[in-house]
Amino acid sequence: MSFPHDFTWGVASSSYQIEGAHDVDGRTPSIWDQFSRQPGKTFEGHTGDVACDHYHRWAEDVELMRQHGVQGYRFSLAWPRLLPDGTGAPNEKGLAFYDRLIDGLLAAGITPWVTLYHWDLPLSLHRRGGFLNREIVDWFADYAALVAQRYGDRVKHWMTFNEPQCTIGLGYQEGLHAPGWKLPFADCLAGAHHLLLAHGRAVQALRAGCRGPVKISIAQTSRERIPASAAAADIEAARRDYFSCTDRAMWNLSWWADAVVFGRYPEEGLQAFAADLPEIRAGDMALIAQPIDFLAYNCYSGWFVRAGANGTVEKVPGGFGPGNARGTLPWLQVAPDAAYWAARFQTERYPGLPFVFTENGVCNTDHVLLDGTVPDPQRIDFLARYLAAIRRAGAEGVPLGGYFYWSVLDNFEWSEGYKDRFGLVHVDYRTQRRTPKASFAWYRDTIRAHGANLPVLPPQTP
Ligand code: BGC
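All of these numbers come straight from a predicted model, not from anything done at the bench. (Residues numbered from 1 in each chain as written. Predicted model: local features only at pLDDT ≥ 70, side-chain atom pairs only at ≥ 80, totals over all residues. Heavy atoms only, no water.)

**Q** Could you give an account of the packing of helix 9 (residues 185-209) against helix 11 (residues 253-262), naming the residues involved and the relevant values?
**A** Orientation of helix 9 relative to helix 11, taken along the N-to-C sense of each, is 35°, at an axis distance of 11 Å. The way helix 9 lies across helix 11 gives a crossing that is right-handed. Taking contact as the criterion, the partners of Leu 189, Ala 192, Leu 195, Leu 196 and His 199 in helix 9 are, on helix 11, Trp 255, Trp 256, Ala 259 and Val 260. Its residues placed into classes, the contact of helix 9 with helix 11 shows 8 nonpolar, 1 polar and no charged. (Axes fitted to C-alpha atoms, helices over the stretch in contact; angles between N-to-C directions. Helix = DSSP H or I, 4+ residues; strand = E, 2+ residues; numbered from the N terminus. Left-handed = near helix turned anticlockwise from the far one by under 90°. Contact = heavy atoms within 4.5 Å. Nonpolar A, V, L, I, M, F, W, Y, C, P; charged D, E, K, R; others polar.)

**Q** Please set out the site of the ligand residue by residue, giving values where relevant.
**A** Taken together, 13 residues sit near the ligand, with Gln 17, Glu 163, Glu 359, Glu 413 and Trp 414 positioned nearest. For the ligand, an oxygen atom lies 2.7 Å from a polar atom in the side chain of Gln 17. A distance of 2.8 Å separates an oxygen atom of the ligand from a polar atom in the side chain of Trp 414. When isolated, the ligand has an accessible area of 310 Å², and the protein chains bury 93% of it. Split by residue class, the shell around the ligand holds 6 nonpolar, 4 polar and 3 charged. (Near = heavy atom within 4 Å. Polar contact = N/O pair within 3.5 Å; in protein donor to acceptor, adjacent residues only side chain to side chain. Areas by Shrake-Rupley, 256 points an atom, 1.4 Å probe, with all protein chains shown as cover.)

**Q** Can you lay out the sheet that holds strand 6 (residues 224-227) for me, pointing to particular residues and giving the numbers?
**A** The strand order across the open sheet formed by 3 strands is 6-8-9, and the pairing between neighbours is mixed. Every interior strand has two partners, whereas the edge strands, strand 6 and strand 9 (313-315), have only one. Adjacent strand axes in the sheet meet at a mean angle of 45°, parallel and antiparallel pairs treated alike. Relative to strand 9, strand 8 (residues 302-307) runs antiparallel, the two sharing 3 bridges. Pairing of Val 305 across the sheet is with Lys 315, part of strand 9. On the sheet, helix 10 (residues 232-242) packs against strand 6, strand 8 and strand 9 and is oriented at approximately 125° with respect to strand 8. The strands touched by helix 14 (residues 337-349) within the sheet are strand 6 and strand 8, with strand 6 carrying the most contacts at an inclination of about 100°. (Pairing = 2+ DSSP bridges.)

**Q** Quick one: what's the story with helix 15 (residues 377-395), residue by residue and with numbers?
**A** Helix length check: helix 15, at 19 residues, gives a terminal C-alpha distance of 27 Å against a target of 27 Å (1.5 Å per residue), a fit within 8%. Turning to helix 15, its buried residues are Arg 379, Phe 382, Leu 383, Ala 384, Tyr 386, Leu 387, Ala 388, Ala 389, Ile 390, Arg 391, Arg 392 and Ala 393. Residues of helix 15 that are buried make contact with strand 1 (8-12), helix 14, strand 10 (355-360), strand 11 (400-406) and helix 16 (438-448). Note on helix 15: the residue one or two positions beyond its end, Gly 397, has a positive phi of about 105°. (Expected span 1.5 Å × (residues − 1). Buried < 20%, exposed > 50% of the residue type's maximum accessible area, 1.4 Å probe, protein only.)

**Q** Summarise unusual backbone geometry; cite the residues concerned and give the values.
**A** The step from Ala 178 to Pro 179 runs through a cis peptide bond, and the omega angle for that step is 5°. Note that Pro 179 resides in the loop between helix 8 (164-173) and helix 9. Of note, the amide linkage connecting Trp 406 to Ser 407 takes the cis form, showing an omega dihedral of 10°. Topologically, Ser 407 is positioned in the loop between strand 11 and strand 12 (425-428).

**Q** Describe helix 7 (residues 136-151), with residues and values.
**A** In this model, helix 7 (16 residues) spans 22 Å end to end at C-alpha, consistent with the 22 Å of a helix rising 1.5 Å per residue. Buried within helix 7 are the following residues: Ile 136, Val 137, Trp 139, Phe 140, Ala 141, Tyr 143, Ala 144, Leu 146, Val 147, Ala 148 and Tyr 151. Among the structural elements, helix 4 (79-82), helix 5 (92-107), strand 3 (111-117), helix 6 (123-127), strand 4 (157-162) and helix 9 are those in contact with the buried residues of helix 7.

**Q** Give a description of the nonpolar core that names residues and reports values.
**A** Among the nonpolar cores identified, the biggest contains 158 residues, and Leu 77, Tyr 98, Leu 116, Tyr 151, Trp 158 and Tyr 443 are the most heavily contacted of them. Here the element with the most residues in this core is helix 9; it accounts for 12 residues. If we skip the residues at most four places from it in the chain, Leu 77 touches Ser 15, Leu 82, Tyr 98, Val 114, Thr 115, Leu 116, Asp 120, Tyr 143, Val 147 and Tyr 151. (Core = buried A, V, L, I, M, F, W, Y, C linked by side-chain atoms within 4.5 Å.)

**Q** I'd like a description of the side chain of His 177, backed by residues and values.
**A** With respect to the helices and strands, the residue His 177 is situated in the loop between helix 8 and helix 9. If sequence neighbours within four positions are ignored, His 177 has contacts with Trp 32, Phe 35, Trp 119, Leu 170, Gly 171, Trp 414 and Ser 415.

**Q** Now, about the side chain of Asp 420: what can you tell me, with residues and values included?
**A** One can find Asp 420 in the loop between strand 11 and strand 12. Of the polar contacts made by the side chain of Asp 420, one reaches the side chain of Lys 419; its length is 2.8 Å. Excluding residues within four positions of it along the chain, Asp 420 makes contact with Thr 328, Leu 329, Cys 363, Asn 364, Asn 411 and Glu 413.

**Q** Go over the pairing of strand 7 (residues 295-298), please, and point to the residues and values.
**A** Burial of strand 7 is two-sided: the residues Leu 295 and Tyr 297 facing one way and the residues Ala 296 and Asn 298 facing the other way are all buried. Of the strand pairs in this sheet, strand 5 (residues 215-220) and strand 7 are connected by 2 bridges, and their pairing is parallel. The residue of strand 7 that forms the bridge with Ala 219 is Ala 296. Examined bridge by bridge, strand 7 and strand 10 share 4 bridges and lie parallel to one another. In the sheet register, Asn 298 faces strand 10, and the bridge partner there is Glu 359.

Any functional reading would require information beyond the geometric quantities listed.
Okay, structure coming up:
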């Protein structure tokens, strides 16, 4: 029982969460610069102005990754660094930064996996309506063409968007993330449609502009369902619930993924949302359904579901029991089988594509002890449990492509600021000193062993 020989062991990050240098070398503000400056929007008013200062310390960070032995590094490009007005004239200094980073990674033997958009929309484009303006399809396509032309000789792994569910759900519907809008559902569906069209055009631009074959996807997320038992009825209930599309929220995985893979919105959603549907022009769905090369998925937690009476589906009340292990963010229940079922359900529904965990991780309040170490046994345990569940999926035939731990460094956790630490490497934000945590060594050894050190665990039950 082991991982495929070409499985990529990686770590992940995103531009606004680590780079800092918010006004350096021609970068202009993004929606997160604006949002985090508004009182009450982030924990204690934290911003990404400095973050991990990765913009200046990237070489040290790449060296840490080299020492670690990680094979892939997923990071995102800051659109406002590359195109300060969002469109038009590129910023050479911004472009040169990612040249340095990509070259440094390749020299360290690390494959870059690049996300085009991880939530830092140029403010200038937000002022023109952001995702509500259908012109974003052209803006994003031009941005994708620029980066393909610049980095496409060296970068072969691409993701267009990170978690569209959060971009529109948290940003446009719930108002918890930038730009902090609380829009009617119809506007959210319109923004979602434009985002998906932009994804399709970006896939085309990347294929056209990169040299040689490339692997492209869009990193999705959702709310994972774990069957309460191995009974067929519970498995079916969990599957149905996972792909159901009736909630007037943006977390419906199938609304996004069916569109991308099948070129159609799920029938259930089309009926449930009939009164709020966006304008879908001829050719739109075919554009959205550009072939992709892998399923990219960010997986953190989940909950138990079982078959109820008369064909209904029930969330198991109090599923994990009181006091279940979790990260410092309450939603982050330790639910390793969420990863098993996400991979299995998705590769069954969307067959023929390898499944890559583009994010998985846990946050805590890790700190540097007086002896200079950062022990983080909970994170090691979390990793062992999730990786064991992922390996089980692989052993049962799920095609696995890779795993990227979120995150390589502690970083700016959006509205939670710097209080929750996800990193394998501790960052002291006053000094910018990096200290690898115990999990850094554990994950390094696990990569060396190609997972042979992982425990064999029984399925999780309520
Ligand atoms: C996001 C990351 C975030 C992580 C932990 C994911 O939703 O892509 O940017 O830091 O979850 O909350």
